[in-house]
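Fold and geometry: a report
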Amino acid sequence: MLTQPTNCIKPTSNILFSFNSIPKSFFKLHPPLNPRTLSLKHHCSQYPNPTPSSSSSSSPFQPLSSILRIIPDWADEIKERGFRQDRTLYDHEKWVHHRSSYRHLRHFLTSLSSRVILSLIPPVIAFTLVAVVIASYNTAVALEWLPEVFPMLRSSTLPYQLTAPALALLLVFRTEASYSRFEEGRKAWTKVIAGTNDFARQIISGVENSGDAELKKALLQYVVAFPVALKSHVIYGSNMGRDLQNLLEVDDLLLVLSSKHGPGCIIEFISQNIRMLKLEESRRNMLESNMSCFHEGISVCENLIGTPIPLSYTRLTSRFLVLWHLTLPIILWDDCHWIVVPATFISAASLFCIEEVGVLIEEPFPMLALDDLCRSVQENVQEALSREKLIQARLTAKGRIQKQQHCPNGQPKS
């Protein structure tokens, strides 16, 4: 677990931000939000819970429905808790651990802590119970415990042999489409981080007027705050106020939080700040052109959040898997008899696991180490600021030494 590094750019104000320092009138206009029910003010997506109707609340099946929902709700809570876990960037030691020969044993021993496996408990248990019911029914029929009107549930394996390739292709294409979205999100954030680092470097080296020192400092704060605001904008359950409280002044933070689009508000801060700097027109245009990577990053992230894989494809894959495992005990009964129970369990655990991984990586941003990427920007800017004066002093000293090694007529001394 990485510790929070010290703030790379300290706000110009010495006021320590806390929500107690926010005027009460602000909360009247903008009441605090519950992280579980965030509005679109700070996030592109939310997951509202359906409101039960009055007729369903009075249904006699309400207690039974509540009991049956206990395990699925618990599995969903495990899954969402995993989404909120912090991801870390890999270093050399982690790569050595990742490719260790003991990885298979380590992964097997930690199976019960895997959110992918725990989230599969409801469907796997359900289909395994269906297999038990069908096996019990066929056994009762075979032992003539039931009247002769009850048929044996059996069928040829030919339909499964014909449809198995179709199911395999559905799962492969579903997972591949999800990974493409993950890769697109990773590349978008790579461009945002690289653009932020380059933008900060140009500000540090290009704004030299001593009268612009305060504006330069504020501009660097806004540039560093942008990826943090974008991260809070696309991650469900993030607290933008808490993430930005050490990067922006209180007044600026209140304005960002009150806006409908936090990253867009910070881009406006950056644009207005650049216009106030005393720069040549060409250099000002160059700085403004660097903001295109910010707009592109917002566009790609919001597009990924707002546009999932076509729902018809997701529904088709889910329905195919359900029908496959509902009829699997009937297909395998003649060959396996009671072995259909473990066979159904293994098949459901394997195929639903592949489908679950595709669903998890379909929303790429919780899978990325965005907190570490944002911290790396802060550390890089802080290091660049600390190196700036040292490098300038070193180059100035080299210039003086070079002048002393030449005569006034430009010829080197013997």
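Residues numbered from 1 in each chain as written. Predicted model: local features only at pLDDT ≥ 70, side-chain atom pairs only at ≥ 80, totals over all residues. Heavy atoms only, no water.

What about the overall build of the chain?
A count of helical and extended segments in the chain gives 18 helices and 0 strands. The buried share of the chain, taken over its 414 residues, is 37%. Long-range pairs, those at least 24 residues apart, make up 77% of the contacts in the chain between residues at least 6 apart in sequence. Accessible surface, the chain: about 24,900 Å² in total, of which carbon and sulfur atoms supply 62%. (Helix = DSSP H or I, 4+ residues; strand = E, 2+ residues; numbered from the N terminus. Buried < 20%, exposed > 50% of the residue type's maximum accessible area, 1.4 Å probe, protein only. Contact = heavy atoms within 4.5 Å. Areas by Shrake-Rupley, 256 points an atom, 1.4 Å probe, with all protein chains shown as cover.)

Side note on the environment of Asp-212
With respect to the helices, strands and loops of the structure, Asp-212 is situated in the loop between helix 9 (158-206) and helix 10 (213-234). Spatially, the C-alpha atom of Asp-212 lies 8.7 Å from that of Met-276, the residues being 64 residues apart in sequence. The residues touching Asp-212, leaving out its near neighbours within four places in the chain, are Val-207, Leu-277 and Lys-278.

Section: the nonpolar core
In terms of nonpolar packing, the biggest core is built from 60 residues, with Trp-189, Phe-199, Leu-244, Ile-266, Ile-270 and Phe-365 touching the most fellow members. Only helix 9, helix 10, helix 11 (240-244), helix 12 (250-258), helix 13 (262-276), helix 15 (292-306), helix 17 (340-362) and helix 18 (370-404) provide two or more residues apiece to this core. A per-element tally of this core places helix 10 first, with 12 residues. Membership of the second largest hydrophobic core comes to 19 residues, among which are Phe-127, Leu-167, Trp-324 and Leu-332. (Core = buried A, V, L, I, M, F, W, Y, C linked by side-chain atoms within 4.5 Å.)

Some thoughts on the packing of aromatic side chains
Overall, the coordinates contain 9 aromatic pairs when judged by the stated rule. Geometrically, the ring pair formed by Tyr-137 and Phe-150 is edge-to-face, given 6.4 Å between the ring centres and 70° between the ring planes. In this pair, Tyr-137 sits in helix 8 (residues 121-142) while Phe-150 sits in the loop between helix 8 and helix 9, placing the two residues 13 residues apart along the sequence. Its relative accessible area of 37% is what places Phe-150 among the partly exposed residues. Taken together, the aromatic side chains of Tyr-160, Phe-320 and Trp-324 make up a single cluster linked through ring pairs. (Phe/Tyr/Trp six-rings, centres within 6.5 Å; stacked < 30°, edge-to-face > 60°.)

Remarks on the environment of Leu-326
Inspection of the secondary structure puts Leu-326 in helix 16 (residues 311-336). Considering only alpha carbons, one finds Leu-326 and Ala-131, 195 residues apart in sequence, at a separation of 7.8 Å.

Here's the deal with the pattern of salt bridges
As a working rule, side chains carrying opposite charge can pair if their charged atoms are close by. Evaluation of the coordinates by the stated rule reveals 10 salt bridges. We note a salt bridge from Lys-231 to Asp-371, for which the minimum N-O separation is 3.0 Å. Of the two residues, Lys-231 sits in helix 10 while Asp-371 sits in helix 18, which places them 140 residues apart along the sequence. Assessed through its relative accessible area of 7%, Lys-231 is described here as buried. A relative accessible area of 22% means that Asp-371 is categorised as partly exposed. Between Glu-383 and Arg-387 there is a salt bridge, with its nearest N and O atoms 3.1 Å apart. One end of the pair, Glu-383, and the other, Arg-387, are both in helix 18, 4 residues apart, so they sit about a helical turn from each other. (Salt bridge = Lys/Arg side-chain N within 4 Å of Asp/Glu carboxyl O.)

Some details on the side chain of Glu-183
Structurally, Glu-183 is set in helix 9. The exposure class of Glu-183 is buried, given its relative accessible area of 18%. Of note is the side chain of Glu-183, whose polar atom sits 2.4 Å from the side chain of Arg-186. (Polar contact = N/O pair within 3.5 Å; in protein donor to acceptor, adjacent residues only side chain to side chain.)

Some remarks on the packing of helix 9 against helix 15
One can describe the packing of helix 9 onto helix 15 by two numbers: an axis separation of 9 Å at closest approach and a directional angle of 160°. With respect to helix 15, the axis of helix 9 lies roughly antiparallel. Judged by the sense of rotation from one axis to the other, the crossing of helix 9 with helix 15 is left-handed. For the pair helix 9 and helix 15, contact is made by Arg-181, Glu-184, Gly-185, Ala-188, Trp-189, Lys-191, Val-192, Gly-195, Thr-196 and Phe-199 and by Cys-293, Phe-294, Glu-296, Gly-297, Val-300, Cys-301 and Leu-304, respectively. Split into classes, the residues belonging to the contact of helix 9 with helix 15 amount to 9 nonpolar, 4 polar and 4 charged. (Axes fitted to C-alpha atoms, helices over the stretch in contact; angles between N-to-C directions. Parallel < 35°, antiparallel > 145°, perpendicular 65-115°, else oblique. Left-handed = near helix turned anticlockwise from the far one by under 90°. Nonpolar A, V, L, I, M, F, W, Y, C, P; charged D, E, K, R; others polar.)

Topic: the confidence of the model for the chain
Of the residues in the chain, 81% have a pLDDT of 70 or more, and the chain-wide mean is 82. Here residues 1-57 is modelled with pLDDT under 50, and outside its nearest four sequence neighbours on either side it reaches 93 contacts, counting other chains as well. (pLDDT = per-residue confidence, 0-100.)

Section: a nonpolar patch on the surface
A cluster of nonpolar residues, Ile-67, Ile-70, Ile-71, Trp-74, Ile-125 and Leu-129, forms a patch on the protein surface that exposes about 590 Å² of accessible area. For the nonpolar patch, the secondary-structure elements that each account for two or more residues are helix 4 (70-83) and helix 8. No other element matches the 3 residues that helix 4 contributes to the nonpolar patch. With respect to the helices, strands and loops of the structure, Ile-125 is situated in helix 8. (Patch = residues over 30% accessible without salt bridge, like charges linked within 9 Å, V, L, I, M, F, W, Y side chains within 5 Å.)

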